[in-house]
Structure formats: structure tokens, C-alpha cells
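A look at the structure
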Amino acid sequence: MSIFSEIEAALIIVLGICVVALSVLGLVLRNQRSRNRRLRTRFRDLEGEEQRMFSFLHDLGLAIENEPSPSVLSRIIVDGIDKVVNARGGAVYFLAAGNEFLLPSYISEDCPPLVGVPVEVRRKAARDPRALESHLRLSRVAVDEGILGHCLAAGEPIHVQDVKSHPSFRDAFTGYSDDVSALLSPLRHAGKDLGVLVVARQHKDGAFCRNDFAVFRTAAEQSSFAIGNARIHREAHEKRAMENELQNAREVQRILLPQEEPAVAGFRISGTNVPARIISGDYYDYLDLGDRRFGIAIADVSGKGVPAGLLMAMCRSALRTVAPGCTSPSDALAAVNRQLFPDIREDMFISMAYGILDEITGKLTISRAGHDPALLFRRETGKVELLRSPGLALGVDEGSVFERVTKDQEVILLPGDCVLFYTDGVREAVDSEDVEFGMERMSECFRMAAPLGSEAVLNRMQEELRQFTGEGPQMDDITLVAIEKKR
């Protein structure tokens, strides 16, 4: 072979190698371009997902500022996360009924079924789609059922790739055949379970990827924080509204108490009421009965707060209705008992003392309906006596036993004598070591203050109580009424 032939053969080989190299290079370039396109597409997808996430967080922040209702906030969360991860739909379920059930707060329009659907409901839904929608929106899910219960028990976000084949549905679902995948997360705030957030896709829409799950987890954490904060703000607002209403009720109750002391010839009468809470279950009252006779009442409703305050108002109204026609305190209390008994709960009662003071004779006739005995200071002896007329508390008996047991007691008040009515919040006040103020201490305080008059008795008693209890909270309502016979 000539040298020219050898050179030609070599050139052909080199050319072939170059063609192959160029082909490989072209293929590599095409693959790189394709890879670059995929990367750019993925980058755009991630960028879009990031923008949707920012938009979701922005909308969530605005929603919290406006303090939306739970259903509105649930809608904002579900619809926002649906857009972020391109889900078909979603739902928020909140714990209810003592944390035994999950109830839907919001289910988006296109959300696939996520709870058990009985066969009969599916049959109805085949004729009327509203049957399925109604079942899903009204159903409650036990916390140990289905994927919702499984997620709550797991305590962390989960990815269920095929809902119908999940182990938790074997007993909980009937006739479930949808091809659905779902992302779920428990909603927790301040260490407390609130509910479950879920978004779903039909299999035909494609599976959730790892990045979808990571984004969903972050969005769920922010949603938990938003829901928890919204609840705190709502509860604080409701508390403020309730406190305002109670303050209004307290003002009404204050108006029901005597606004000034009665003018009774030869006597000085002083009273005070110090509630332990905003609403008091104690009350006292003065009644002008005519013929120079005056009624003095004091009462203590069992319990505290609004129920006790309402019952106190009923008792006051009943007494004011019957008192003008009764010359006997026990007869007046019997009439009050018959009026109130049908409306008093079995776990409530009223202890009450009612006296009628005759300014002409100086006679005080007292009847006690289960109330603590009044204290009587005799100026002549300097001693304190107990006025222990027998009686049964209001609301305990319909009438026959009450009227048989409850009796009057009469005492003549002489110049310098003093009578003290009180509720058990005085005697049962406790110090820092849980020691009661007690009857003996109260009697001695009264004995020391009585010679100085009715106002001094109230002031001295309240000061002694403050010194005794110290900085501790007032445990019960305190009501005092002192009647002084002028010298």
C-alpha cells in the first residue's frame, strides 16, 4: 500500500472519530440543554412555590390581625396551603366534646372524602351529590379513627400515599374507593392538641413529592401558631366582654342595695356589703312597713357569682312583695320560701335573717331562716348575747316543715344596746395559715366596738378582718348590719 493510501485511511479514521466525537458532544449538549431546561423549570416551580408560600403567610398574618372566626381562619389556611402545594382540596378538623371527637371547621369544595362514608350515603349521593356533602360536613370523627385519628396519635405530619389502603381505614371505612393521597399534620399550640390539618390529591393529579411534604410541614406549623394565637385573642376578648357585663351586673346589684341608712327615731342603723367576686350572693335591705315599723333583712345565697346574684335579686323582690302585709317576720319568711322554692335548684338554698323594729316600743322581733345567730350587746352588762330563734333555710322545704320549725324571737332594745347581723363570710374568713376568724374573735370585736355605735362596729369589724387575713384573698362575701339604740 502506498503512503498515500495509508494517509487516506488514517484521515478516514480520524474523520470517523471526529464524527463520533461530535455526535457524542451533540448528545451531551442536548442532554445538558434538556437538563438545564428541567432545572430552569424546577427553579421556576420552586420560585413560584416560594412566592405562594410568602403570599400564604402574608394573608395569614392579615387574617390574624382581623381576629377572624374559626371557620374563616380555617378557610384561609386550607385554601392557602392548597395553592402552595397544588393540592385538590383540604380540611381542618378541630377537637370537640371533651377531646373525644374531631369536627370539621372547614372543608374545601373539591376536597375528596377523608372520613368514612357508609354505603347508604354513597347510594344516596349517586342520586343526589348533596347527600355526600352533607355527610362530610356534619360527620364527627372519633380521635382513634381513620387517618385523622392516626395523625393525631402520631403527633407529627404524615404522608399517606394511598388513603383507601391505609391500615387505619380497615374498620373505620365502608365502601371507600377513591384514589387519594393526603398530607396531614396535627395542630398543636402551647403543648395542647387543637385538631388536624389535611390536604389531598387524586392520584390522577400526581403524587406529592418530598418538597411538597416539607413545605406542608412548615405551613402547618405556622397554621398551628395562627390558630392558637387566634384562640387566645378570642378568649381574651370574650373575657373582657364578660367582665364588662359582670361589671354592669354589679352596678345593677349595687343599686338594689340600700343607698342610704334609714331614718328611724331613736335608732341608728348601718350596713355594708363587700363582695368576694364581682357579683355578690349576699344582700341586706331596709323596708319601711308603716306604723313606725321598719324591716331589716340580711341574706346569704349558697354559692357565689352570677347564679347566687340572680337568686339574691329574686329573694329581695319576694321579700319586698310580702313584707308590708306581715306583722310577723317568720310569716314573711314563710311567704318568701313558698314563692322561691319552685325555682331554687336542689343544690342551692338561702340563709336569711329578718327583723321588724318598732321605733315606739323599741322591740325588735327576729326570725332566722337557717342564718347565723345575731349578736346582741347589752350596755348594762357589757356582754354579748346570741339571738338563736329556730328556723330552716329558704328553699330546703316546700313549706310545711319550714313553717313548723321557723319561729320569732322578741327582744327589747334599751339605750346603748346594739345588734349585729352578719353573713358567714365574717366568721369563716381565714388567715395565711388557714385559721378561721371564728365566732369568739368576732364577738369580742363586736363587744369592744358596740359602745361606740353602729358605724364604729362596721369599721372596727372590717379593720379586724383586714388585719387578720393579711394579703390573702377574700374567700366569701361579707355583709354586716348594725342596729344601735341611741342613748
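Before reading further, recall that the structure is shown in the block above.
Report on the accompanying structure. Small disclaimer: the values here were computed from a predicted structure and weren't measured. (Residues numbered from 1 in each chain as written. Predicted model: local features only at pLDDT ≥ 70, side-chain atom pairs only at ≥ 80, totals over all residues. Heavy atoms only, no water.)

1. Things to note about the overall build of the protein chain
- Across its full length, the protein chain holds 12 helices and 16 strands.
- Looking at the protein chain residue by residue over its 487 residues, the buried ones come to 46%.
- Taking the intrachain contacts of the protein chain between residues at least 6 apart in sequence as the baseline, contacts between residues at least 24 apart amount to 68%.
- When the accessible surface of the protein chain is summed, it comes to about 25,700 Å², and 52% of that surface belongs to carbon and sulfur atoms. (Helix = DSSP H or I, 4+ residues; strand = E, 2+ residues; numbered from the N terminus. Buried < 20%, exposed > 50% of the residue type's maximum accessible area, 1.4 Å probe, protein only. Contact = heavy atoms within 4.5 Å. Areas by Shrake-Rupley, 256 points an atom, 1.4 Å probe, with all protein chains shown as cover.)

2. Quick look at the pattern of salt bridges
- With the rule as written, the count across this model stands at 20 salt bridges.
- With its nearest N and O atoms 2.7 Å apart, the salt bridge here joins Asp-285 to Arg-320. Of this pair, Asp-285 sits in strand S8 (residues 282-290) while Arg-320 is found in helix H7 (residues 305-322), placing the two residues 35 residues apart along the sequence.
- The salt bridge involving Glu-359 is made with Arg-292; its shortest N-O contact spans 2.3 Å. In this pair, Glu-359 is assigned in the loop between strand S10 (350-358) and strand S11 (363-369) and Arg-292 in the loop between S8 and strand S9 (293-301), connecting sequence segments 67 residues apart.
- Through salt bridges with shared partners, one network takes in Asp-162, Lys-164 and Asp-179. (Salt bridge = Lys/Arg side-chain N within 4 Å of Asp/Glu carboxyl O.)

3. Describing the side chain of Ser-270
- Assignment of secondary structure puts Ser-270 in strand S7 (residues 267-274).
- Here Ser-454 takes part through its side chain, which lies 2.9 Å from a polar atom of the side chain of Ser-270.
- Setting aside residues up to four positions removed in sequence, Ser-270 forms contacts with Glu-261, Tyr-286, Ser-454, Glu-455, Leu-458, Leu-480, Val-481 and Ala-482. (Polar contact = N/O pair within 3.5 Å; in protein donor to acceptor, adjacent residues only side chain to side chain.)

4. Side note on the sheet that holds strand S16 (residues 478-485)
- In space, the five strands of this open sheet follow the order S7-S16-S15-S12-S13, with antiparallel pairing throughout. Strand pairing shows two members of the sheet lacking a second neighbour, S7 and strand S13 (383-387), which therefore form its edges. Averaged over all pairs of adjacent strands, the angle between their axes in this sheet comes to 15 degrees, without regard to strand direction.
- Pairing between strand S15 (residues 418-422) and S16: five bridges, direction antiparallel. Each bridged residue has a counterpart across the sheet, and for Tyr-422 the counterpart in S16 is Leu-480.
- Sitting on the sheet, helix H11 (residues 438-449) is in contact with strand S12 (374-378), S13 and S15, with an inclination near 40 degrees to S12.
- Against the sheet, helix H12 (residues 454-469) contacts S7, S15 and S16, and its axis sits at roughly 25 degrees relative to S7. (Pairing = 2+ DSSP bridges. Axes fitted to C-alpha atoms, helices over the stretch in contact; angles between N-to-C directions.)

5. Considering the pairing of S16
- When you tally the buried positions in S16, you get eight out of eight residues, the bulk of the element.
- Examined bridge by bridge, S7 and S16 share eight bridges and lie antiparallel to one another. Of the residues in S16, the one forming a bridge with Ser-270 is Ala-482.

6. Some remarks on the nonpolar core
- Membership of the largest hydrophobic core comes to 51 residues, with the highest contact counts inside it found for Leu-319, Ile-350, Met-352, Tyr-354, Phe-421 and Ile-483.
- The element contributing the most residues to this core is H7, with seven residues. (Core = buried A, V, L, I, M, F, W, Y, C linked by side-chain atoms within 4.5 Å.)

7. Here's the deal with the packing of H11 against H12
- Running from N to C, H11 and H12 cross one another at 140 degrees; their axes reach a closest spacing of 9 Å. When the axis of H11 is compared with that of H12, the two are oblique. When you trace H11 past H12, the crossing you get is right-handed. Two secondary-structure elements touch here, H11 through Arg-441, Met-442, Cys-445, Phe-446, Met-448 and Ala-449 and H12 through Ala-456, Val-457, Arg-460, Met-461, Glu-464 and Phe-468. (Parallel < 35°, antiparallel > 145°, perpendicular 65-115°, else oblique. Left-handed = near helix turned anticlockwise from the far one by under 90°.)

8. Quick notes on the packing of helix H3 (residues 119-127) against helix H4 (residues 130-138)
- Orientation of H3 relative to H4, taken along the N-to-C sense of each, is 140 degrees, at an axis distance of 6 Å. One finds that H3 runs oblique with respect to H4. When H3 is examined against H4, the residues Val-121, Lys-124 and Ala-125 are found in contact with a partner set consisting of Ala-131, Leu-132 and His-135.
- Here the residues of the contact of H3 with H4 sort into four nonpolar, one polar and one charged. (Nonpolar A, V, L, I, M, F, W, Y, C, P; charged D, E, K, R; others polar.)

9. Some thoughts on the environment of Gly-399
- Here Gly-399 lies in the loop between S13 and helix H9 (400-405).
- Spatially, the C-alpha atom of Gly-399 lies 6.0 Å from that of Arg-338, the residues being 61 residues apart in sequence.
- Discounting chain neighbours no more than four positions away, the residues touching Gly-399 are Asn-337 and Arg-338.

10. Section: unusual backbone geometry
- Positive phi, normally seen in glycine, also occurs at Arg-292, with a value near 60 degrees.
- Its identity is not glycine, yet Asp-434 carries a phi of approximately 65 degrees, on the positive side.
- By secondary structure assignment, the location of Asp-434 is in the loop between helix H10 (424-427) and H11.

11. Here's the deal with the environment of Leu-152
- Its place among the elements puts Leu-152 in helix H5 (residues 146-154).
- Between the C-alpha atom of Leu-152 and that of Leu-184, which follows or precedes it by 32 residues, the distance is 9.2 Å.
- Discounting chain neighbours no more than four positions away, the residues touching Leu-152 are Leu-95, Leu-102, Val-143, Pro-186, Asp-193, Gly-195 and Val-196.

12. Section: H11
- Here H11 is 12 residues long and its end C-alpha atoms lie 17 Å apart, about the 16 Å a rise of 1.5 Å per residue gives.
- Buried residues of H11: Gly-438, Met-442, Ser-443, Cys-445, Phe-446 and Ala-449, and no others.
- Those residues of H11 that are buried are in contact with S12, S13, S15, H10 and H12. (Expected span 1.5 Å × (residues − 1).)

13. A look at the sheet that holds strand S5 (residues 180-189)
- Taken together, the six strands give an open sheet; going across it, the order is S3-S2-S1-S6-S5-S4, and neighbouring strands pair in antiparallel fashion. The open sheet has two edge strands with one neighbour each: strand S3 (141-142) and strand S4 (158-160).
- Across two bridges, strand S2 (residues 101-107) lies against S3 in antiparallel orientation. In the sheet register, Phe-101 faces S3, and the bridge partner there is Ala-142.

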